[in-house]
Amino acid sequence: MKSISRKNPAGQQNTVILLTFLIYASAYFGRYSFSASINSFIDRYGISKSETGLVMTFFFVAYGVGQVVNGFLCKHYPKRYIFPIALFGSAIINLIIFAGIITGYMGEYFYLVKYIWMLNGIVQSLIWTSIIYTLGENIDKKNLSRAGLVIGLTVPVGTFIAYCTSSLTVHFGHFEISFVLAAVIMSAVGMLWFIMFEPCERTDTTSEPEAVPGAEPRRRIPAYVIITFAGLSIFAISNNFIKDGLQTWIPTILKDTYSFSNSASLVLAMSVYILGICGTFIAKKIHKYVGDFIILCVIFFAVMAAIIGGIRVFLDISAVPVTACFGAVIMGGYGVNNIVTSIAPLFLRDYMNPGISAGVLDGFCYIGSAVTTYALGAVADRYDWGTVITLLFAVAAVSTAAAVLLKLIKVKKVEI
């Protein structure tokens, strides 16, 4: 039986929230250390866009499947050990990539990188569902919105750190160092969690069986919750197709279209990714006034479709409006991502295990991620970046229409 700290529950809950933030932000650094270096791999080894994109596709497939599996198993994992194990494993894999670069074997054996990075996807898939389950088990309902916001910030912050580090290491001519830094940070955070984590007492629980956090629901799940969950699963795919597609290829689009250097394109991309933090705040703010998750998705997808249309108009004209539009789309993408993977699972915990719902929804997210990294690279190889942007606009427009249609057929407004 786990030992629960009963001293200062509010302080203990804040500590858990902070530690989970550090865990997932550092994991994102170890996840995107490769995609942040895509231009450097292409330039040094003469690899096609589709081949480099395939590395992230293998990662996302492994990660997505792992999310669903671990969503069902995470309640059995020892929370003190599972995060250090996952982070140490990812650190070792980052060091293997670093070793391949400095020894000179990377060019000859690059075809193996996708399998190595797939292992990274497997070990990292242990993290997210356990984080959501841990928050659902330890955090009071009054703190859930704040916990959802903080954990949602991990994605843009971790991505920003990865691209910022890559930009600096590329500038000094040693992009491979970013893999070492990712390994060091993940290892340090894993040790910090192991030392500091203590399960804490929730103050809003009752003796009713259904109120036990993480317990399997015993009452029938309302139809509107099922419809909402199904809709969020679909939007998870399309949103990550847009968000991760742009996130992976923005540096290359800027470099190919406007002849920027690798470091300059990474700096611009970095400024775009940090706007994802704003998207997370915006999602939390709007959710205070719009409790229906489907309506939230309608708002975000409609705005993203309009902005992507602007990118297509200005793509061959100027980098300034295009970069600004990239930032706005990334903001919207992170907003939807926070709704789907953080806010919804936490607020639906009375109806379903938050670890399972987070795992399933995040698994759908990575279907979109797995398809987009290879597909957009292949489209760019065969056609051009204008065609890629047109494809992303179509996905956003269809997602908006689908969200409106789903709202029209819902039997009841979601109010939670």
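The following refers to the structure shown.

Criteria and cut-off values
- Residues numbered from 1 in each chain as written.
- Predicted model: local features only at pLDDT ≥ 70, side-chain atom pairs only at ≥ 80, totals over all residues.
- Heavy atoms only, no water.
- Helix = DSSP H or I, 4+ residues; strand = E, 2+ residues; numbered from the N terminus.
- Buried < 20%, exposed > 50% of the residue type's maximum accessible area, 1.4 Å probe, protein only.
- Contact = heavy atoms within 4.5 Å.
- Lys, Arg positive; Asp, Glu negative; His and termini not counted.
- Charge placed at Lys NZ, Arg CZ, Asp CG, Glu CD.
- Core = buried A, V, L, I, M, F, W, Y, C linked by side-chain atoms within 4.5 Å.
- Axes fitted to C-alpha atoms, helices over the stretch in contact; angles between N-to-C directions.
- Parallel < 35°, antiparallel > 145°, perpendicular 65-115°, else oblique.
- Left-handed = near helix turned anticlockwise from the far one by under 90°.
- Nonpolar A, V, L, I, M, F, W, Y, C, P; charged D, E, K, R; others polar.
- Phe/Tyr/Trp six-rings, centres within 6.5 Å; stacked < 30°, edge-to-face > 60°.
- Lys NZ or Arg CZ within 6 Å of the ring centre and 35° of its normal.
- Expected span 1.5 Å × (residues − 1).
- Arc of directions from axis to C-beta.
- Patch = residues over 30% accessible without salt bridge, like charges linked within 9 Å, V, L, I, M, F, W, Y side chains within 5 Å.
- Areas by Shrake-Rupley, 256 points an atom, 1.4 Å probe, with all protein chains shown as cover.
- Salt bridge = Lys/Arg side-chain N within 4 Å of Asp/Glu carboxyl O.

The helix and strand tally for the chain stands at 15 helices and zero strands. When its C-alpha atoms are laid out on the principal axes, the chain stretches across 65 × 50 × 30 Å. Per-residue burial for the chain yields a buried fraction of 58% across its 416 residues. Long-range pairs, those at least 24 residues apart, make up 88% of the contacts in the chain with a sequence separation of at least 6. Both charge centroids of the chain, one from 29 positive and one from 21 negative side chains, sit 7 Å from each other.

Let us now look at the nonpolar core. With 131 residues, the main nonpolar core has Y24, F34 and F326 as its most contacted residues. Setting aside its immediate chain neighbours within four residues, F34 contacts F41, T52, V55, M56, F110, V113, W117 and F179.

Attention now goes to the packing of helix 12 (residues 293-314) against helix 13 (residues 319-347). The geometry of helix 12 relative to helix 13 is characterised by a closest axis approach of 9 Å and an angle of 160° between their N-to-C directions. In this view, helix 12 runs roughly antiparallel relative to helix 13, as classed from their interaxial angle. Crossing angle aside, the handedness with which helix 12 passes helix 13 is left-handed.

Turning our eyes to something else, we now look at the packing of helix 4 (residues 79-102) against helix 8 (residues 177-196). Axis separation between helix 4 and helix 8 bottoms out at 8 Å; the angle between their running directions is 165°. The orientation of helix 4 with respect to helix 8, classified from their angle, is roughly antiparallel. Crossing geometry of helix 4 relative to helix 8 is assigned as left-handed. Taken together, the residues of the contact of helix 4 with helix 8 break down into 21 nonpolar, four polar and two charged.

As a further point, take the packing of aromatic side chains. Under the defined criterion, the tally for this structure stands at 22 aromatic pairs. Seen from their ring centres, W249 and W385 are 5.9 Å apart, and the 45° between their planes marks the pair as tilted. Of this pair, W249 sits in helix 9 (residues 223-258) while W385 sits in helix 15 (residues 385-409); the two residues are 136 residues apart in sequence, bridging distant segments of the chain. Classification of W385 as buried rests on a relative accessible area of 8%. Aromatic ring contacts, followed pair by pair, group F34, F41, Y45, F110, W117, F175 and F179 into a single cluster. Above the ring of Y28, the side-chain terminus of R31 is found at 4.2 Å from the ring centroid.

Let us look at helix 5 (residues 113-124). With 12 residues, helix 5 ought to run about 16 Å at 1.5 Å a step, and its terminal C-alpha atoms sit 16 Å apart, in line with that. Burial in helix 5 covers these residues: V113, K114, W117, N120, G121 and Q124. Down the axis, helix 5 shows its buried residues gathered within 105° of arc, on one side only.

On the surface, a cluster of nonpolar side chains totalling about 670 Å² of accessible area is made up of Y81, I85, M191, L192, F194, I195 and M196. For the nonpolar patch, the elements supplying multiple residues, two or more each, are helix 4 and helix 8. Relative to the assigned elements, M196 resides in helix 8. Under the relative-accessibility criterion, M196 is labelled partly exposed at 41%.

With respect to the helices, strands and loops of the structure, I253 is situated in helix 9. Its relative accessible area of 1% is what places I253 among the buried residues. Contact partners of I253, with chain neighbours within four places excluded, come to Y258, L315, F326 and W385.

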